Amino acid sequence: MIVQSSSFTSALIVTLVATGEMTLGTAVFAIMGANIGTAVTGVIVALANLRIRSNFRRSFTAALMHDFFNILTVAILFPLEWITSVFNEAGRGVLTRLAAWLAQVIGLEEVPRPDSPVKVITAPVVNGVDWLGAVFMPTPGAEGIFVAAVGLLLMFVSLVLMVKNLRGALLRYMDGLFSTYFFKNDARAYGIGVISTVLVQSSTITTSLMVPLAGAGIVRIRRVFPFMIGANLGTTVTSVLAATANPVAAAMTVALFHVIFNLVGSAIWYPLRRIPIMTATWYGRLAGRQPRYAFIFLFAVFVVIPLLGVAITEFIIGLR
């Protein structure tokens, strides 16, 4: 949630596993958390439509579809993975064992990890902010805080401008193209989600673009859900690339676990898509009438519940 990128987080987790700084058993659950954390950006983008109630209701509903897919998938796979790991001698759950077997079968050779096109484009700005931090901040800690603050400010400004521009003349002219071609059916919407996310190596970008499109009525709400689950699968390519650049069995296992997590989630919730879609629609209407429910959801899911979970875990560990 803090870095606004599951691609970055998953690649970092893979690297930590490859260097031995994180165990495989911990990493697979961190991957699940990253899937939920990345969904916060869509909610923030939806809040930019708050002044126009009808647009806000549709855009918030679209963002919730991404959230609920990840939350519901974790709600099923987290206990499954944890319970099956308890009964395994190596402490590995059923999905981890499947990923480990696939990693052994594939046996990918080491390849250099390609640069993300987004990182290449934004590199001058990043380097400039790093330089300002080094010049004006007295300590490395203060420099880090400065860079993080500027990054968050630029992110929020960019999100507001993106939403504003996507409601402009470009989408009015492309309205028919989106509805009749790109999102003609669920399969095409799913494929667009996968391909676009692979190209930019960031589900945060693609899902955040979808939210204002749905809010403006350019994309129908029922096509948003397959796009979101496709984007979730597309972002796993980054962790696989990170694993091939760090050819350790455990690292590849984590990367493939990320792929399996999203494939299993898609296999469960696409046939049962009425559940996440209807839940998102219900809560989207509620937030559309009373926007405070949008902020309650944002802070409860992405701040209160994670911190409460950490506190309870630390308390239980302390009792031991």
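Below: a short report on this structure. Because the structure is predicted, anything quoted here is derived from the model rather than measured. (Residues numbered from 1 in each chain as written. Predicted model: local features only at pLDDT ≥ 70, side-chain atom pairs only at ≥ 80, totals over all residues. Heavy atoms only, no water.)

Our focus in this paragraph is the packing of helix H4 (residues 53-86) against helix H5 (residues 94-106). At a minimum axis distance of 7 Å, the contact between H4 and H5 shows a crossing angle of 80 degrees. Taken together, the axes of H4 and H5 lie roughly perpendicular to each other. Counted together, Leu 77, Leu 80, Glu 81 and Thr 84 of H4 and Val 94, Leu 95, Thr 96 and Arg 97 of H5 form the full contact between these two elements. (Axes fitted to C-alpha atoms, helices over the stretch in contact; angles between N-to-C directions. Helix = DSSP H or I, 4+ residues; strand = E, 2+ residues; numbered from the N terminus. Parallel < 35°, antiparallel > 145°, perpendicular 65-115°, else oblique. Contact = heavy atoms within 4.5 Å.)

Let us look at helix H10 (residues 203-215). An α-helical segment advances 3.6 residues per turn. Residues three or four places apart therefore align on the same side. The end-to-end C-alpha separation of H10 is 18 Å, in line with the 18 Å expected for 13 residues at 1.5 Å each. Taken together, the buried positions of H10 are occupied by Ser 203, Thr 204, Thr 206, Thr 207, Ser 208, Met 210, Val 211, Pro 212, Leu 213, Ala 214 and Gly 215. Where H10 terminates, the next one or two residues include Gly 217, which has phi positive at roughly 80 degrees. (Expected span 1.5 Å × (residues − 1). Buried < 20%, exposed > 50% of the residue type's maximum accessible area, 1.4 Å probe, protein only.)

Attention now goes to helix H2 (residues 24-37). With 14 residues, H2 should cover 20 Å at 1.5 Å per step; its first-to-last C-alpha distance of 20 Å lies within 8% of that length. Along H2, the residues that are buried comprise Leu 24, Ala 27, Val 28, Ile 31, Met 32, Ala 34, Asn 35, Ile 36 and Gly 37.

Turning next to the nonpolar core. By size, the foremost hydrophobic cluster in this structure holds 65 residues, and its most contacted members are Phe 60, Met 210, Val 224, Val 254, Phe 257, Phe 297 and Phe 302. With 10 residues, the single largest contributor to this core is H4. Here Val 224 is in contact with Ala 62, Met 65, Met 210, Ala 214 and Val 219, once residues within four sequence places are set aside. (Core = buried A, V, L, I, M, F, W, Y, C linked by side-chain atoms within 4.5 Å.)

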